[in-house]
Every structure is written in structure tokens, then in C-alpha cells.
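Architecture and fold: a report
Residues per chain, in single letters:
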Amino acid sequence: MYRRRRIAVAVAAVVALVALASGINLLTRAGDDPAATVATPAAQTPQVPSLADPTPVLAADAGGEPAPNPAVLSQLLGQALDDFRLGGPVNAEVLDVATGQVLFDQGAADPVTPASTAKLATALAVELTVDPGLQLSTRVLAGAAPGEIVLVGGGDPTLTTTPTGGLYAGAARLPDLAAQVKAAAGRAVTTVTVDSSLFAGSTTAPGWGAGDAPSSYAAPITATMVNAGRVSPDDEGIRAARPDLAAGQALADALGVPGAVIRQGTAPTRAVQLGEVRSVPIDRLVEQMLELSDNVLAESLARQVALAAGQPASFEAAAAAVRVALAGAGLDVGSTSLVDGSGLSTSDRVTVRLLTGILRLAAGQPESPSRALLAGLPVAAYDGTLKERFGQSPARGLVRAKTGTLNGVSALAGLVQTADGRLVVFAFVGNQVPIGGRYPAESALDEAATVLAGCGCR
């Protein structure tokens, strides 16, 4: 499912997707006292196969193209968004990337429930504050008692139980970790203690429903996980209620001791390290999070923003750190109220102006570190959460956007070139979608984005 790498583009342009350049300096977080561990086998990072350059999904912007006339665009787009399938007024904004000119404004400054378009805020905050080469480490240490090992989570929910990458290409593999432990332990394992102390506070956020965690789309957020809490690597069924203990059991199974005692705890000081595996670099995790609209991965990444700011890795501190990062980038967060990093909470409030600001910042300057988030945006009728959308629309392959869906909420925020080749960013958020009207609302928003793609509007 993972088919993209970072984008290198000219100013105000989107060009071909390219393979991730080799030679990245891969770092791990220095979260523990170096004196607390001893030298052990090197951590294993799976090799990700390189990809040939695909045909460009979005054409390059030659520059100097005519911008849409706001009056003409407003008439056409206003009609498209005044759709009974959306249930009521839609908050929307369209910006010209090159100049920042507002081409369309409909309640752009009013706070709305963003659903998963809130992941754009998390993605930008990660790109601005966390080393893009950072790899999240999962370790096993010797326990204090004979036969005890300690599985120490480093916040990587993509750790897979499969011998391949599973759902997350290039993910660290639990079988590799188990092999290291078998080689280094020297005695039979009878107890697996799971240390998830890197993350703090509640495992669910305010505004999450009773059925949200565990569910098919979310799980309680812990620092130790396999398969992002899924019961099996590619299972879309309900996730584990205790993903940390499920990870401990998965390690015991991989070690051939399924009857071992699994419990929560913390690693002893100065413990001997028996094994370590690492995730792909964090900018790749951002891409995967956006493409899949992965709630669990989004929450784990938001906590990395908090850790980078020296704050606890909790829902509250992560949301606050994301807000601070956005403000530091010059974005207006005055009306923003975030309580999680995924947008799953019904208590989140952002403005569509903030969403277009994030997208313009990412698309506007080729040297901006925030441009990496563009690589994760699904492409219409091609991949991710837009793979099954836009159908035979003339905008298929042209719109690149983040989706958002909650009960009563449908959102789409991204970028597209107009018929004249002018690059614009847009955000549409409907908060009055009729119950049971998800798919008609999505079609209405797709049609509105199609208006932009076909717009000369002069």
C-alpha cells in the first residue's frame, strides 16, 4: 500500500514522486541514560526496496499561470458546496499558493470539528520539530528476576509480527527482535514484563466515544504495540483492549514460550540489552499515517512532538505541543482547540483557514521541511483513503488531499492545479452531514474539488 516517498518540487509546484534518497542519517532518541545499558547486538532495521520513478501524478507548475478570478470561482464553488447531501453550510477556503490570495472564503475563520483533517496539523508539527531521520526503537532488556525479560516500547506502533513489513512497509519486525533475544538471553524466558512508561496519562482522549478504543480504527494508545494494536497484521476487525500486553504476548509467542507470564512493569536500571529493532525514519511514518489516515499512528507521532519539546508524552501535552509548533510556524491558532493528534475526538476544533495555511506552508517553498507531508496525501482515485473516490471524475489523479470522517462530519483538504496550471490549496469541512449520509457527502465534496481542478474561472 505504501507507494510514495518524499516529493522534491519547484516553487509553487508539485512534480513527480521520487524514491527516498539513500544515505539518510538515521538517529534514535537518546531517551535513556547511556550508562543504563551495555553493548549488545546492533538494532536491526529492515531494508526498504527502492522504487523506480513513477509517472507524475500531478504535473509541474511552470509558473506565471493566471489565477482564478475570486468572483467567478465563488459563484461556481458556492453552488457546488450548496448541496443538500452536505446537510447545511460548509466551511471552506481556497488559497492561491504563489501569492497567498484568498480566492474563496466561506466561514473560513469559524472553528469546526475537523475529523481526520486534524492529522495535517500533527504531520506539520512533526516535520517542524522532530528530526526526520529519527527511528523509533523497541528494545528487550534483561529483567531483574531469573527468566524475566522486559519489552520496552519506544512509541512505534508499526512493529509487525510478520516476517515482512505487514501493513506498514519497512516496519520493524518482531521475529527479528525475538531472534536477537534468543541468541542473547542464555536461559529460558518465563516472564515478559512490558514497559510502556515512555507514554503518560490516559490511553484515550476526551471526546472519544465508548466504542472508539478498541475498534477497527483505533486502540488505546500505549508506547508498546504490535500491528498498531491489531489482533493480526492485516485484520480490520476490532483491536486489542490492552495493546501493550498483547505485544508482550506476541513476543512470548515468537520466543516459543506462549505460556510465559505477561505483565506490566518498568525496566530495571543498568539492565543488559538483549535486542533492539527500529522503525523506518519518522518522515516515512508521517507519510504512512496520512495515506492510511491511521489514528493510532497519528497519536504516537503527536507524542513525539511533545517529547521533542521536553514534555510528557500524553494526549494533553502532545496536543499543546502541536499547537505551539503551528504557532511557531506563523499560523493562526487562536481559535484552535485540539485534544488529540488524530482528529478522532469530537472535541477538536480548528478553522479551515488553519488547514489551508498548513497546506500552503507545505506547498509553497521547496526548501521547507514541511513539504514532506505532501508525499503522504492520498491521490484521487489512486491510493490511500481516496483510492475508491472520484471514480471517473475528470479530477482523478489530479487532486491530492486528506479526508476526514466522523458522524455528522465530512471533510476534504488538499491541493490541486487548476485547468490553467495554477496551484491552489483548499479545505472543505461540513459539520452538518445527515446521519447515514457519509458517502453522498463525500461525493459532494469530491465534486466541489473537481470544480477547482477544472477551473479557469476568469
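Note that this is a predicted model, so its numbers are computed, not measured.

1. Regarding the overall build of the protein chain
- On a plain count of helices and strands, the protein chain comes out with nine helices and twelve strands.
- Looking at the protein chain as a whole, 57% of its 458 residues qualify as buried.

2. Focus: the state of the cysteines
- According to the stated counting rule, one finds one disulfide in the structure shown.
- In this model, C455 is linked to C457 through a disulfide, with the two sulfur atoms separated by 1.3 Å.
- Accessibility expressed as a relative area gives 3% for C455, which makes it buried.

3. Re the sheet that holds strand β11 (residues 409–417)
- Strand order in the open sheet formed by five strands is β3-β2-β12-β11-β10, with antiparallel pairing between adjacent strands. Each having just a single partner strand, β3 (102–106) and β10 (400–406) make up the two edges of the open sheet. Averaged over all pairs of adjacent strands, the angle between strand axes in this sheet comes to 5 degrees, irrespective of strand direction.
- Examined bridge by bridge, β10 and β11 share seven bridges and lie antiparallel to one another.

4. Here we look at the pairing of strand β6 (residues 148–152)
- Burial analysis of β6 places five of its five residues in the buried class, which makes it a mostly covered element.
- Side chains E148, V150 and V152 project from β6 onto one buried face, and the interleaved I149 and L151 project onto a second face that is buried too.
- Relative to β6, strand β5 (residues 137–142) is paired through four bridges, and the arrangement is antiparallel. Of the residues in β6, the one forming a bridge with A142 is I149.

5. Here's the deal with the nonpolar core
- Residues L120, L301, L326, I358 and L373 are the most contacted members of the largest nonpolar core, which totals 74 residues.
- With residues up to four places along the chain from it excluded, the contact list for L301 reads T122, V126, I282, L285, V286 and M289.

6. Side note on the sheet that holds strand β7 (residues 191–195)
- Spatially, the five strands line up as an open sheet ordered β8-β7-β6-β5-β9, and their pairing is mixed. Two strands close off the open sheet at either side, each with one partner strand: β8 (261–264) and β9 (273–278). This sheet shows a mean twist of 20 degrees between the axes of neighbouring strands, independent of strand direction.
- Helix α3 (residues 174–185) contacts β5, β6 and β9 of the sheet and is inclined by roughly 165 degrees relative to β9.
- Those strands touched by helix α4 (residues 243–254) are β5, β6, β7 and β8, and its axis lies near 150 degrees from that of β8.

7. Some words on helix α7 (residues 315–328)
- Between its first and last C-alpha atoms α7 spans 20 Å; for 14 residues at 1.5 Å apiece the expected length is 20 Å, and the two agree.
- Of all the residues in α7, the buried ones are F315, A317, A318, A319, A321, V322, A325 and L326.
- In this fold, the buried residues of α7 make contact with α2 (119–129), α6 (295–308) and α8 (352–364).
- A positive phi of about 90 degrees marks G330, the residue just after α7.

8. A closer look at the pairing of strand β2 (residues 90–96)
- Burial within β2 is extensive, with seven of its seven residues counted as buried.
- By the alternation rule, side chains of β2 split into V90, A92, V94 and D96 and N91, E93 and L95, which are all buried.
- Taken together, β2 and the strand that follows it, β3, pair antiparallel across an intervening segment of five residues, in which G100 is found at a positive phi of about 80 degrees.

9. A look at unusual backbone geometry
- Each neighbour pair has its own omega, and for A213 with P214 the value is 5 degrees, a cis peptide bond.
- Tracing the sequence through the fold places P214 in the loop between β7 and α4.
- Residue A115 is not a glycine yet carries a positive backbone phi of 50 degrees.
- Residue placement: A115 occurs in the loop between β3 and α2.
- Residue A115 is classed as buried on the basis of its relative accessible area, which comes to 0%.

10. A few points about the packing of helix α1 (residues 70–81) against helix α9 (residues 438–453)
- Between α1 and α9, the shortest axis-to-axis distance is 9 Å and the interhelical angle comes to 165 degrees. Compared by their axis directions, α1 and α9 come out roughly antiparallel. Pair α1 / α9 crosses with right-handed handedness. Across from L73, L76, L77, A80 and L81 in α1, the residues of α9 making contact are L445, A448, V451 and L452.

11. Examining the packing of aromatic side chains
- Taken as a whole, this structure holds two aromatic pairs when the rule is applied.
- Pairing W208 with F315 gives two aromatic rings, centres 5.5 Å apart and planes at 80 degrees, and the pair type is edge-to-face. Of this pair, W208 sits in the loop between β7 and α4 while F315 sits in helix α7, placing them 107 residues apart in sequence.
- For W208, a relative accessible area of 12% puts it in the buried group.
- With a centroid separation of 5.0 Å and an interplanar angle of 35 degrees, the aromatic rings of F426 and F428 are classed as tilted.
- Overall, F428 belongs to the buried group, its relative accessible area being 0%.
- One Lys or Arg, R303, reaches over the ring of F199 and ends 5.3 Å from the middle of that ring.

12. Here we look at the layout of surface pockets
- One number sums up the size of the largest pocket: a volume of about 1100 Å³.
- Contributions of two or more residues to the lining of the largest pocket are made by α5 (282–292), β10 and α9.
- It is β10 that contributes the most residues to the lining of the largest pocket, four residues altogether.
- Across the lining of the largest pocket, the residue classes tally to eight nonpolar, 15 polar and 15 charged.

Calculation rules
- Residues numbered from 1 in each chain as written.
- Predicted model: local features only at pLDDT ≥ 70, side-chain atom pairs only at ≥ 80, totals over all residues.
- Heavy atoms only, no water.
- Helix = DSSP H or I, 4+ residues; strand = E, 2+ residues; numbered from the N terminus.
- Buried < 20%, exposed > 50% of the residue type's maximum accessible area, 1.4 Å probe, protein only.
- Disulfide = S-S within 2.5 Å.
- Pairing = 2+ DSSP bridges.
- Axes fitted to C-alpha atoms, helices over the stretch in contact; angles between N-to-C directions.
- Core = buried A, V, L, I, M, F, W, Y, C linked by side-chain atoms within 4.5 Å.
- Contact = heavy atoms within 4.5 Å.
- Expected span 1.5 Å × (residues − 1).
- Parallel < 35°, antiparallel > 145°, perpendicular 65-115°, else oblique.
- Left-handed = near helix turned anticlockwise from the far one by under 90°.
- Phe/Tyr/Trp six-rings, centres within 6.5 Å; stacked < 30°, edge-to-face > 60°.
- Lys NZ or Arg CZ within 6 Å of the ring centre and 35° of its normal.
- 1 Å grid on protein atoms, 1.4 Å probe; cavity = no way out; pocket = protein on both sides within 12 Å on 5 of 7 lines; lining within 4 Å.
- Points joined across faces, edges and corners; volume = space filled by probe spheres on them.
- Nonpolar A, V, L, I, M, F, W, Y, C, P; charged D, E, K, R; others polar.

Such coordinate-based values are descriptive only and should not be taken to indicate function.
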